[in-house]
Amino acid sequence: MKTLILSSDNEDIKKAAEIIKQGGIVAMPTETVYGLAADALNGNAVRKIFEAKGRPMDNPLIVHISDISQIYQLVKEFPQRAEILAENFWPGPLTIILPKSDIIPDEVSAGLDTVAIRFPSHETAQRLISLSAPLAAPSANLSGSPSPTTLRHVRDDMNGRIDAIIDGGDCEVGVESTVVTLAENIPMLLRPGGITAEQLHAAIGELKIANAVTNPLADGEKAASPGMKYKHYSPKAEVILLDGENASFYRYINKITDSNTAVLCYNEDIKYITLPSIPIGKKHDYSEQAHMLFTALRKADEMGFTAVYARCPEKTGVGLAVYNRIIRAAGFNIISLEDTD
Ligand code: TXA
Ligand code: MG
């Protein structure tokens with residue numbers, strides 16, 4: 001299949017909308033990461049997304065809307081808490097899970113009785129949705145790889161596998177949306193992202209944080225969000241997290257002599273490290289780290305490194321999202337440096 005590269009101008013977005021209305025699949029920019037979109041109400045079109053990504057069919061998709069009025073046909077109920085979240089954080093990087101209506105195809109909800117809804121703030125995504133339909137869209141990467149935040153990332157993974165890619169430049173947030181479920185009695189954060197747990201708590205009060213946000217699933221534990229059970233965000237290189245202060249981190253890193261090894265570090269670390277370094281932003285700028293993380297993980301592979309040591313991010317604010325992604329990229333392999341001194 002030849003993959004068309006489209007711009008974000010009106011004519012090209014109309015072309016992309018036509019492709020979607022005819023049951024095709026198109027990668028679109030959003031403020032978080034690029035998504036791979038199909039008409040959410042067309043089960044056959046949605047199935048093509050799973051094929052192109054190599055995604056397990058039991059992992060449900062997010063439905064993207066461009067106007068709050070579109071939500072009423074998609075969900076069974078729209079509780080007050082959802083209204084509060086929508087008012088505070090939509091359009092933006094927040095996905096809300098609610099009981100689904102009957103028009104949601106099984107391919108989208110993967111057999112669950114809920115559906116995930118997001119109203120993205122990216123103007124191109126909004127225009128595409130308005131001209132076509134509510135769009136089911138996972139991240140536009142091959143299943144398991146880091147999510148794409150640039151046109152090049154999408155092309156590297158999807159060229160020849162999908163109908164078109166809309167070029168929207170670099171994605172601003174850089175990690176996928178925050179996912180919160182309101183389908184339980186107490187709201188629960190399933191995936192941290194650009195809207196923080198602190199912001200959600202301030203808006204709706206009580207909020208649980210799913211164990212899988214920071215921990216591996218225990219044997220036999222059921223994932224509240226099916227996506228959390230898969231290995232994720234991984235470059236081909238082995239990623240190892242190092243948990244410790246500057247001095248013990250530099251000491252550990254500077255003993256390594258293997259030339260295939262790189263270090264994912266903060267900007268401030270570069271001058272203290274002898275191995276090749278791939279910076280992910282300033283130490284306390286979690287939004288910058290989120291913005292740079294997936295590009296850094298892909299860069300490690302492009303540069304041919306086979307092992308990448310990374311600093312263990314702080315777990316507050318958007319830092320929790322960075323931690324959640326990097327710990328999965330590392331397959332939960334963390335070395336506590338306090339123990340190695
Ligand atoms: O920022 C984003 O959310 C991006 C852009 C394209 O919008 N999309 C994205 O989709 O990250 P995806 O499919 O890569 O991640 C969706 C996550 C998965 O972990 C999935 O298991 C979970 O949301 N999910 C979707 N529907 C769900 C549901 N009904 N119940 C529980 N988890 C659900
Ligand atoms: Mg994904």
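Residues numbered from 1 in each chain as written. Chains lettered and ligands numbered in written order. Predicted model: local features only at pLDDT ≥ 70, side-chain atom pairs only at ≥ 80, totals over all residues. Heavy atoms only, no water.

### Regarding the sheet that holds strand E12 (residues 238-243)
Working step 1: Ordered in space as E14-E13-E15-E12-E16, the 5 strands form an open sheet in which the pairing is parallel. Both outer strands of the open sheet, strand E14 (277-279) and strand E16 (334-336), are each paired with one neighbouring strand and no more. Recorded for the sheet is a direction-independent mean angle of 25° between the axes of neighbouring strands.
Working step 2: For E12 and E16, the ladder comprises 3 bridges, and the chain directions are parallel. Within the sheet, the bridge partner assigned to Leu-242 lies in E16 and is Ile-335.
Working step 3: Here helix H9 (residues 286-302) sits on the sheet and contacts E12, strand E13 (261-265), E14 and strand E15 (307-311); the angle it forms with E14, its principal contact strand, is near 160°.
Working step 4: Together, E12, E13, E15 and E16 form the strand contacts of helix H10 (residues 319-329), whose direction differs from that of E12 by roughly 130°. (Pairing = 2+ DSSP bridges. Helix = DSSP H or I, 4+ residues; strand = E, 2+ residues; numbered from the N terminus. Axes fitted to C-alpha atoms, helices over the stretch in contact; angles between N-to-C directions. Contact = heavy atoms within 4.5 Å.)

### Looking at the site of ligand 1
Working step 1: As a structural note, the neighbourhood of ligand 1 is formed by 24 residues, with Thr-32, Asn-59, His-64, Ser-177 and Gly-227 the closest of them.
Working step 2: In this structure, an oxygen atom belonging to ligand 1 sits 3.0 Å away from a side-chain N or O atom of Ser-139.
Working step 3: Relative to its free-state accessible area of 680 Å², ligand 1 is covered by the protein chains to the extent of 96%.
Working step 4: For the shell around ligand 1, the elements supplying multiple residues, two or more each, are strand E4 (62-64) and strand E6 (114-118). (Near = heavy atom within 4 Å. Polar contact = N/O pair within 3.5 Å; in protein donor to acceptor, adjacent residues only side chain to side chain. Areas by Shrake-Rupley, 256 points an atom, 1.4 Å probe, with all protein chains shown as cover.)

### Comments concerning the domain arrangement of the chain
Working step 1: Taken domain by domain, the chain consists of domain 1 (4-176) and domain 2 (238-339).
Working step 2: The centre of domain 1, based on its C-alpha atoms, is set 30 Å off from the matching centre of domain 2.
Working step 3: Taken together, the contact between domain 1 and domain 2 spans 17 residues of the former and 10 residues of the latter.
Working step 4: Counting each side, the surface lost to burial between domain 1 and domain 2 is near 1000 Å², with a carbon and sulfur contribution of 50%.
Working step 5: Joining domain 1 to domain 2, the criterion identifies 3 salt bridges.
Working step 6: A salt bridge links Arg-152 to Glu-302, with the shortest nitrogen-to-oxygen separation between them at 3.3 Å.
Working step 7: Counting every contact that joins domain 1 to domain 2 gives 8 residue pairs in polar contact (both at pLDDT 80 or more).
Working step 8: For the side of domain 1 that touches domain 2, the class distribution of residues is 6 nonpolar, 6 polar and 5 charged. (Domains from an automatic or database assignment. Buried area = accessible area lost by both parts, 1.4 Å probe. Salt bridge = Lys/Arg side-chain N within 4 Å of Asp/Glu carboxyl O. Nonpolar A, V, L, I, M, F, W, Y, C, P; charged D, E, K, R; others polar.)

### Points about the pattern of salt bridges
Working step 1: Throughout the structure, instances matching the rule amount to 13 salt bridges.
Working step 2: Two residues, Arg-325 and Glu-176, come together in a salt bridge whose shortest N-O distance is 2.7 Å. Of this pair, Arg-325 sits in helix H10 while Glu-176 sits in the loop between strand E8 (164-166) and strand E9 (178-181), and the two are 149 residues apart along the sequence. Comparing Arg-325 with Glu-176 shows no difference in burial state: the two are buried.
Working step 3: In this structure, a network of salt bridges that share partners links the residues Arg-152, Asp-156 and Glu-302. (Buried < 20%, exposed > 50% of the residue type's maximum accessible area, 1.4 Å probe, protein only.)

### Remarks on unusual backbone geometry
Working step 1: Put simply, Trp-90 and Pro-91 share a cis peptide bond, and its omega is -5°.
Working step 2: A positive phi is found at Ala-110, a non-glycine position, where the angle reads about 50°.
Working step 3: Residue placement: Ala-110 occurs in the loop between helix H4 (106-109) and E6.
Working step 4: Notably, Phe-332 is not glycine yet its phi reads approximately 65°, a positive angle.
Working step 5: Along the chain, Phe-332 falls in the loop between H10 and E16.

### Quick notes on the nonpolar core
Working step 1: Formed by 58 residues in total, the largest nonpolar core has its most connected members in Leu-36, Leu-85, Trp-90, Leu-94, Ile-117 and Leu-200.
Working step 2: Top element by residues in this core is helix H2 (residues 43-53). It accounts for 5 residues.
Working step 3: For Leu-94, the contacting residues outside a window of four places in its chain are Leu-85, Phe-89, Ile-117, Arg-118, Phe-119, Ser-177, Thr-178, Val-180, Ile-195 and Leu-200. (Core = buried A, V, L, I, M, F, W, Y, C linked by side-chain atoms within 4.5 Å.)

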